[in-house]
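Residue-level listing of the chains:
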Amino acid sequence: MAATPDRVPAPVPPPALVRRARRINRTLAARYPDARCELDFTTPLELLVATVLSAQSTDVRVNLVTPALFALYPDAWAYAGADRVELEELIRSTGFFRAKTDALMGIGRELVERFDGEVPARLDDLVTLPGVGRKTANVVLGNAFGIPGITVDTHVGRLARRLAWSAQDDPVRVERDVAALIEKREWTMVSHRLIFHGRRTCFARRPACGACPISADCPSFGIGEIDPTKAAAMVKG
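All values reported here derive from a predicted model rather than from experimental measurement.

Is there a simple way to explain the overall build of the chain in this structure?
When you go through the chain residue by residue, the secondary structure sums to 12 helices and 0 strands. Put simply, the chain runs from its N terminus to its C terminus through helices and strands in the order α-α-α-α-α-α-α-α-α-α-α-α. Scaling as 2.2 N^0.38, a compact globule of 237 residues should have a C-alpha radius of gyration of about 18 Å, and the chain matches this with 19 Å. By residue count, 49% of the 237 residues in the chain fall in the buried class. Here the chain displays about 11,700 Å² of accessible surface, and carbon together with sulfur accounts for 55% of that area. In the chain, which carries 32 positive and 28 negative side-chain charges, the distance between the mean positions of the two groups comes to 9 Å.

What is the right way to read the packing of helix H2 (residues 44–53) against helix H3 (residues 59–72) from this model?
Between H2 and H3, the shortest axis-to-axis distance is 10 Å and the interhelical angle comes to 135°. Taken together, the axes of H2 and H3 are oblique relative to one another. The crossing of H2 and H3 is right-handed. The segment H2 lies against H3, with Glu-46, Val-49, Ala-50 and Leu-53 engaging Val-62, Thr-66, Leu-69 and Phe-70. Taken together, the residues of the contact of H2 with H3 break down into 6 nonpolar, 1 polar and 1 charged.

Would you take a moment to explain the packing of helix H5 (residues 84–91) against helix H6 (residues 97–115) for this structure?
The packing of two helices is summarised by the inter-axis angle and the distance between the axes. Relative to each other, H5 and H6 sit at 120°, their axes nearing to 9 Å. Classified by the angle between their axes, H5 and H6 sit oblique to one another. Pair H5 / H6 crosses with right-handed handedness. Residues Arg-84, Leu-87, Glu-88 and Ile-91 of H5 pack against Phe-97, Arg-98, Lys-100, Thr-101, Asp-102, Leu-104 and Met-105 of H6. Class assignment for the residues of the contact of H5 with H6 results in 5 nonpolar, 1 polar and 5 charged.

Whenever I open this one, unusual backbone geometry confuses me. Can you help?
Glycine aside, residues mostly have negative phi angles, and peptide bonds mostly take the trans form. One non-glycine residue with positive phi stands out, namely Gln-56, at about 60°. When its relative accessible area of 67% is taken as the criterion, Gln-56 is described as exposed. Not every positive phi belongs to a glycine, and Ala-164 is a case in point at roughly 65°. Within the fold, Ala-164 resides in the loop between helix H9 (154–162) and helix H10 (171–179).

Explain the packing of aromatic side chains here, please?
If you walk through the whole model with that rule in mind, you get 2 aromatic pairs. Ring geometry for Tyr-32 against Phe-196: centres 6.0 Å apart, planes inclined by 70°, an arrangement best described as edge-to-face. Taken as a pair, Tyr-32 in the loop between helix H1 (15–31) and H2 and Phe-196 in helix H11 (residues 187–200) lie far apart in primary sequence, 164 residues in all. On the accessibility criterion, Phe-196 (1% relative accessible area) is buried. Residues Tyr-73 and Tyr-79 carry aromatic rings whose centres are separated by 5.2 Å and whose planes lie at 25° to one another, so their mutual orientation is stacked. Owing to a relative accessible area of 4%, Tyr-73 belongs among the buried residues under this scheme. The residue whose ring lies beneath Arg-200 is Phe-196, and the NZ or CZ to ring-centre distance is 3.8 Å.

What is the right way to look at the environment of Gly-222 in this model?
You can see Gly-222 is positioned in the loop between H11 and helix H12 (228–234). The partly exposed category is assigned to Gly-222, whose relative accessible area is 41%. The spatial distance from the C-alpha of Gly-222 to the C-alpha of Arg-206 is 9.9 Å, given a sequence separation of 16 residues.

What is the right way to read the pattern of salt bridges from this model?
Within this structure, the stated rule accounts for 17 salt bridges. In this structure, Asp-217 and Arg-23 form a salt bridge, with 2.8 Å as the shortest nitrogen-oxygen distance. In this pair, Asp-217 is assigned in the loop between H11 and H12 and Arg-23 in helix H1, connecting sequence segments 194 residues apart. Judged by its relative accessible area of 16%, Asp-217 is buried. Overall, the relative accessible area of 35% leaves Arg-23 in the partly exposed class.

What counts, and where the lines are drawn
Residues numbered from 1 in each chain as written. Predicted model: local features only at pLDDT ≥ 70, side-chain atom pairs only at ≥ 80, totals over all residues. Heavy atoms only, no water. Helix = DSSP H or I, 4+ residues; strand = E, 2+ residues; numbered from the N terminus. Rg over C-alpha atoms; globule rule 2.2 N^0.38 Å. Buried < 20%, exposed > 50% of the residue type's maximum accessible area, 1.4 Å probe, protein only. Areas by Shrake-Rupley, 256 points an atom, 1.4 Å probe, with all protein chains shown as cover. Lys, Arg positive; Asp, Glu negative; His and termini not counted. Charge placed at Lys NZ, Arg CZ, Asp CG, Glu CD. Axes fitted to C-alpha atoms, helices over the stretch in contact; angles between N-to-C directions. Parallel < 35°, antiparallel > 145°, perpendicular 65-115°, else oblique. Left-handed = near helix turned anticlockwise from the far one by under 90°. Contact = heavy atoms within 4.5 Å. Nonpolar A, V, L, I, M, F, W, Y, C, P; charged D, E, K, R; others polar. Phe/Tyr/Trp six-rings, centres within 6.5 Å; stacked < 30°, edge-to-face > 60°. Lys NZ or Arg CZ within 6 Å of the ring centre and 35° of its normal. Salt bridge = Lys/Arg side-chain N within 4 Å of Asp/Glu carboxyl O.

What follows is the structure, given as structure tokens:
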């Protein structure tokens, strides 16, 4: 049987690349001291549900939906026995609401039947739940349980390639490559910092290179606006 990407260790990166990656992480930590998960939650289940809803949506939109959702569905048993029409209406504005309803009801049933209604704190268990992949699992582990995990969303994948931390497109392989560069204790926070940077400065179409705090360490510097004044005007937040 072929090994899956997450079971294949990353090649040992050159020491210079490790030093540069960790220096970038420290610089981003100074730039974004408030970097965090931008989904609102108070329990592991709430974060799991919010993260499922965030697929093809925005954190802002999800945070508008979840207060009413969490009030009506406080535990796994509530999702397992949900009224489909009611649940669909509550989450409709997040997009793909039928598939997300399937996932939430399925998650509720699985949690009740297999985990006594509690969200498991193991990646291998989380990824067996309906609609839950490694990205969602790592969000929950890192932010609800304090277990380090690298969340490879579109921002993290894009920045990892721009920074030459990974040459891969597959999120699992990107996760593997970044994990080989960054200290384990920093995995969750480096994900938040890259997401913040991707949303605020290192945009997909035209990054604000001239206002980037890591420009001296970025091998992709110059692919965007390099004029400092114009770049500064592009930066969000």
